[in-house]
Amino acid sequence: MAICLCCSCQSQTKDFEQKINVGGPCEGCKALFEYGDQTLKSIDTLPDFAVNDSKLKIVGRVYQKDGRTPAKDVIIYIYQTDNKGIYPKKGDEQGWAKRHGYIRGWVKTGADGKYTFYTFRPASYPNTRIPQHIHATIKEPDKNAYYIADYRFDDDPYLSTENNNIANPRGGSGIMTPRTENGIQIVERDIILGKNIPNYE
Ligand SMILES: [Fe+2]
């Protein structure tokens, strides 16, 4: 993962032992399982969406490895910085929220593979030229969770081809082109399961 200040990728854990092991180690991927008693849907609105001016709608579709067949029952977990570039905490976080903060969300695809997140533009880490990014982890029904390339923005002045995850992006490219409709930026990213993922059949 290109930017891993907050995603410790060190070792497999019990959560994954009974599953097919793809994507290599990713301890931080355990955060994907922290949705509690929520019934996941294909649309989620992240915390603080309402109070941020730079609203962002992420839409896309998840496909099987063939790039054509919609993939259902796939969980996508994302987390991001706030408009100051930090992963904000409220102080009562449990588990991986202590690292990832509370600006995070989950969706689960239906039969059409579509998903939508309502969120806002993250800021670069303070006093850095690290591009704005949103971290993402995927969970297919029969596999362990694995991370995919960060979501990024092609209008970000700090986006650079020197960044990792550009040449062979996991799950397909995460670089998105914003367009504005009714005062909200809309970006689209399709995800191809297994693309550039080690050990994937
Ligand atoms: Fe990050």
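Preceding block: the structure.
The structure contained in this document is the topic of the report that follows. Being a predicted model, the structure only gives us computed values, none of them experimental.

**Some points on the coordination of the iron ion**
Think of it this way: four donors in a tetrahedron around the metal ideally sit 109.5 degrees apart, and six in an octahedron ideally sit 90 or 180 degrees apart. Around the iron ion, the protein contributes the donor atoms Tyr87 (OH), Tyr125 (OH), His133 (NE2) and His135 (NE2), which lie 1.9 to 2.2 Å from the metal centre. Seen from the iron ion, its four donor atoms lie at angles of 94 to 160°, and the figure they make is irregular. Look at where the donors of the iron ion fall in the sequence and you get Y-x37-Y-x7-H-x1-H. Placement of the pair is tyrosine 87 in the loop between β3 (75-80) and α2 (97-100) and histidine 135 in strand β6 (residues 134-139), with a sequence separation of 48 residues. This pair shows no difference in class: tyrosine 87 is buried, exactly as histidine 135 is.

**Points about the packing of aromatic side chains**
Using the criterion set out here, one finds eight aromatic pairs in the structure. Ring-pair connections join several aromatic residues into one group, and the members of that group are Tyr35, Tyr77, Tyr79, Tyr87, Trp106 and Tyr125. Across from the ring centre of phenylalanine 49, 4.9 Å away, lies the NZ or CZ of lysine 55, which sits over that ring. Across from the ring centre of tyrosine 151, 4.5 Å away, lies the NZ or CZ of arginine 189, which sits over that ring.

**Thoughts on the pairing of strand β5 (residues 114-120)**
Most of β5 is tucked away, with five of its seven residues classed as buried. When strand β1 (residues 43-45) meets β5, the two strands line up parallel, connected through three bridges. The residue bridging isoleucine 43 from the neighbouring strand is threonine 116, located in β5. Where strand β2 (residues 55-63) lies against β5, seven bridges are found, and the strand directions are antiparallel. Each bridged residue has a counterpart across the sheet, and for arginine 61 the counterpart in β5 is lysine 114.

**Remarks on the pattern of salt bridges**
Within this structure, the stated rule accounts for six salt bridges. One salt bridge in this structure joins arginine 152 and aspartate 150, with 3.4 Å as the shortest N-O distance. For the pair arginine 152 and aspartate 150, a shared accessibility class is recorded, and that class is buried. We note a salt bridge from glutamate 181 to arginine 179, for which the minimum N-O separation is 3.0 Å.

**Focus on the environment of lysine 139**
Structurally, lysine 139 is set in strand β6. Sequence-wise, lysine 139 and aspartate 73 are 66 residues apart; in three dimensions their C-alpha atoms are separated by 8.6 Å.

**Thoughts on unusual backbone geometry**
Despite not being glycine, asparagine 182 shows a phi value in the positive range, around 50°. Residue position: asparagine 182 is located in the loop between β9 (179-181) and β10 (184-188). The phi dihedral of asparagine 196 is positive, around 60°, even though this residue is not glycine. Within the secondary structure, asparagine 196 sits in the segment after β11 (191-192). Accessibility expressed as a relative area gives 32% for asparagine 196, which makes it partly exposed.

Thresholds, definitions, all that
- Residues numbered from 1 in each chain as written.
- Predicted model: local features only at pLDDT ≥ 70, side-chain atom pairs only at ≥ 80, totals over all residues.
- Heavy atoms only, no water.
- Donors = N, O, S within 2.8 Å, 3.2 Å for Na, K, Ca; no water.
- Tetrahedral: all angles 85-135°; square planar, octahedral: opposite > 155°, others 65-115°.
- Helix = DSSP H or I, 4+ residues; strand = E, 2+ residues; numbered from the N terminus.
- Buried < 20%, exposed > 50% of the residue type's maximum accessible area, 1.4 Å probe, protein only.
- Phe/Tyr/Trp six-rings, centres within 6.5 Å; stacked < 30°, edge-to-face > 60°.
- Lys NZ or Arg CZ within 6 Å of the ring centre and 35° of its normal.
- Pairing = 2+ DSSP bridges.
- Salt bridge = Lys/Arg side-chain N within 4 Å of Asp/Glu carboxyl O.

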